[in-house]
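# Secondary and tertiary structure notes
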Amino acid sequence: MVHSFKIDLKGIIDLLSNHLYSDPSVFVRELLQNAVDAITARKNAGEVFEPSIQVHIEENEQGKRLIFEDNGIGLTEAEIHEFLATIGRSSKRISEARASYLGQFGIGLLSCFMVSSEIRVYTQSSKGGPAACWIAQPDGTYEITSTTEAPEVGTRVILDAREDFDYLFEFDNLKEDLLGYGEILPYPIHLGSNTEQVHVNATYVPWLVYAETGDPALKEQVLGYARERLNLQALDCFPLKTKAGGVSGVAFVLPYSTQANARQWHRVYLKNMLLSSQIDNLLPEWAFFVRCFLNVQNLHPTASRESFYEDDLLSEARNELNQQMQAWLRHLTQHDQEGLRKLLQLHYLPMRALAVDNDEFYQLLVHSFVFETSTGRMTLQEYLQHNTTIRYVTNLDQFRQIAQVASAYGHSVINAVYTYDIPLLRKYTSIFNVATEEIDATTYAHTLEDVQSDNLHNFLLLAQDALSALDCQVTVKRFMPEGLPALFIVSEVHQELSDVEQAQEVSDDLWSDVLEDYASELRSMRVAHLHLNFNNSLIQSMLHAENPKVVRRLVQMLYVQAHLLGHHPLRQEELALLTEGLQEMMYWGLRADRLLN
């Protein structure tokens, strides 16, 4: 046996009117939409008339009343039964509706039940026949009577505000909603009350013209529009236009930094009617640094009209927008370096994150990213103009140790310690087939020229003994710059050990014992080198010094100096060494002064 569904009409109306929409002000959009569609239908019927949408607010002791009137095609009594009183039946067939009309689902008028306990419609069809009055209740009942109060041709909707939503019927609030939803509608919207009368929507919207023509002379007007209407000091703007879905609009580059995963908001109109200011499924996910104003002709809205239906057409439109935004970035890289610099500086981390995750953007942007190197800050493009291999270190201490020497040799080493630096550089070889090399200070020091001489044997024994308590090995090498007397290189293990020993110095006995177990393990692996520069005049003089005590103290002081130049923290024994050395040198100076005088 075949059965039919049973429908609780009151429940359906409650569901549609109170739960489908996220904002009660959408009733303004639905009334505007019906008015625009009615005018469009009358124009499509070949009638010549001046389109008009009139909105009026009345207030008396009973409350606030909204009168919404258009001079569109109107409805006959039969059409009222079919379209106003049949939920889900649109006055526009779906295929026809998508091509010409805003409304497609036949449920929009029900949104008025969110703000009013009754919907009253007076309508006169342009086809002729008697005018009709339709009064609907939220319990699903309605009545139709003949009337003499309908417009000459068109429809008048009357809503009496519910107390909890009467603020939506206040002049300023209604003006804002009408402007928000209908700013770029092609038909004039007038709002009036007993004391005020205004033309609400714009007669000229610069971003619409800019989107259609792409005329760069209009850019300043568009940026001015963003400042005035959005209070947005956009960094830049550029037009967007797709074949799929008939999307046209403009992207404003945000003047403040955002996160790559930040929720996007884009103001999207459907056939000139605002669909939503929170559309997030039209632009590509990576478009976090822009906010777009878009007018869409042929994409399919969801029933709530607060988003677009996911289908092939939306996917094609999104792909076109993706390509156009990439083209804009490519234009910056090729023709507007200053604009690109500002963009990357403002959206520093999100852009790098985007490049790490997306190969297309990586290829597009990586050469414009700025890196800190041993020869100064520069873009990767500038770096590659003088280096065939990308060399980088991943530890700040390591960078500090070798930066000065590398610079003296003209070697540029990237300090890849900042967020996303390492994955960006490691990815370069696989994308561009250019060698990259991760180096450390110890490896780099091995490339410096060793000085081999029997005359150095005794000196090195003495120097090694001077630093025996510090577990540091001493060598003599030739390296640049000549003014640098010594280079202190430690392995990462050694650095970690220094950190642990510093922590021990400020810890209680129990925690110090715990750290000691770990420190003992590190001591067995640590390596620290003091490389004395044979090219330096002080080192040359020291090699010829005859007093062992003087040589020991000089080696110790060079150790402390090199330690400080490498930005290594001083432990207690190194601080003591520094204090003793300075005091002794002061005494030497005083004794020398007495001898000379």
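These remarks concern the structure in this document. (Residues numbered from 1 in each chain as written. Predicted model: local features only at pLDDT ≥ 70, side-chain atom pairs only at ≥ 80, totals over all residues. Heavy atoms only, no water.)

## Quick look at helix H7 (residues 219-230)
Put simply, the rule reads: The helix and strand labels rest on DSSP assignments: H or I over at least four residues marks a helix, E over at least two residues marks a strand, and numbering proceeds from the N terminus. Helices are assigned an expected span. That span is 1.5 Å times one less than the residue count. Only protein chains enter the accessibility calculation, which uses a 1.4 Å probe. A residue is then buried if its area is under 20% of the maximum for its type, exposed if over 50%, and partly exposed in between. Should any heavy atoms of two residues lie within 4.5 Å, those residues are considered in contact.
Over its 12 residues, H7 runs 16 Å from end to end, which matches the ideal 16 Å to within 8%, given 1.5 Å per residue. Considered for burial, the residues of H7 that qualify are Val 222, Leu 223, Gly 224, Tyr 225 and Ala 226. Structurally, H7 contributes buried residues whose contacts are with helix H6 (206-213), strand S9 (236-241), strand S10 (247-253) and strand S13 (290-296). Of the residues trailing H7, Asn 231 is marked for its positive phi of about 55 degrees.

## Re the packing of helix H2 (residues 26-44) against helix H5 (residues 171-182)
Worth spelling out the cut-off: Note on method: axes are straight lines fitted to C-alpha atoms, helices fitted across the in-contact stretch only, with angles between N-to-C directions ranging 0 to 180 degrees. Relative orientations are named as follows: roughly parallel for angles under 35 degrees, roughly antiparallel for angles over 145 degrees, roughly perpendicular for angles from 65 to 115 degrees, and oblique for any other angle. By definition, any crossing whose near helix is turned counterclockwise from its far helix by less than a right angle is left-handed, and any crossing with a clockwise turn is right-handed. Asp, Glu, Lys and Arg are counted as charged, while Ala, Val, Leu, Ile, Met, Phe, Trp, Tyr, Cys and Pro are counted as nonpolar; the rest, among them Gly, fall into the polar class.
As a packed pair, H2 and H5 sit with axes 9 Å apart at the nearest point and diverge in direction by 55 degrees. As the angle between them shows, H2 and H5 are arranged oblique. As H2 runs across H5, the sense of the crossing is right-handed. Taking contact as the criterion, the partners of Val 26, Val 28, Arg 29 and Leu 32 in H2 are, on H5, Leu 174, Asp 177, Leu 178, Tyr 181 and Gly 182. A breakdown of the residues in the contact of H2 with H5 according to their chemical character gives 6 nonpolar, 1 polar and 2 charged.

## Remarks on the pairing of strand S6 (residues 154-160)
Inclusion rule: When DSSP finds two or more bridges between two strands, those strands count as paired.
When you tally the buried positions in S6, you get 6 out of 7 residues, the bulk of the element. Of the pairings in the sheet, the one linking strand S2 (residues 63-70) to S6 comprises 6 bridges and is antiparallel in character. In the strand pairing of S6, Ile 67 is matched with Ile 158. Both strand S3 (residues 119-124) and S6 contribute to a ladder of 5 bridges, which runs antiparallel. Paired with Val 121 across the strands is Val 157, a residue of S6.

## Regarding the packing of aromatic side chains
Here is the rule we go by: Geometry of aromatic contacts follows a simple scheme: Phe, Tyr and Trp rings, the Trp one being its six-membered ring, pair when their centres are within 6.5 Å, and the pair is stacked under 30 degrees between planes, edge-to-face over 60, tilted otherwise. A ring has a charge above it when a Lys NZ or an Arg CZ is no more than 6 Å from the ring centre and no more than 35 degrees off the ring normal.
A complete count under the given rule lists 15 aromatic pairs for this structure. Pairing Phe 27 with Phe 169 gives two aromatic rings, centres 5.7 Å apart and planes at 15 degrees, and the pair type is stacked. With a gap of 142 residues between them, Phe 27 in helix H2 and Phe 169 in the loop between S6 and H5 connect regions that are remote in the sequence. Among the aromatic residues, those joined into a ring-pair cluster are Phe 238, Trp 286, Phe 288, Phe 289, Trp 328 and Phe 361. When the ring centre of Phe 49 is taken as reference, the NZ or CZ atom of Lys 43 above it lies at 6.0 Å. Residue placement shows Arg 352 over the ring face of Phe 371; its charged tip is 4.9 Å from the ring centre.

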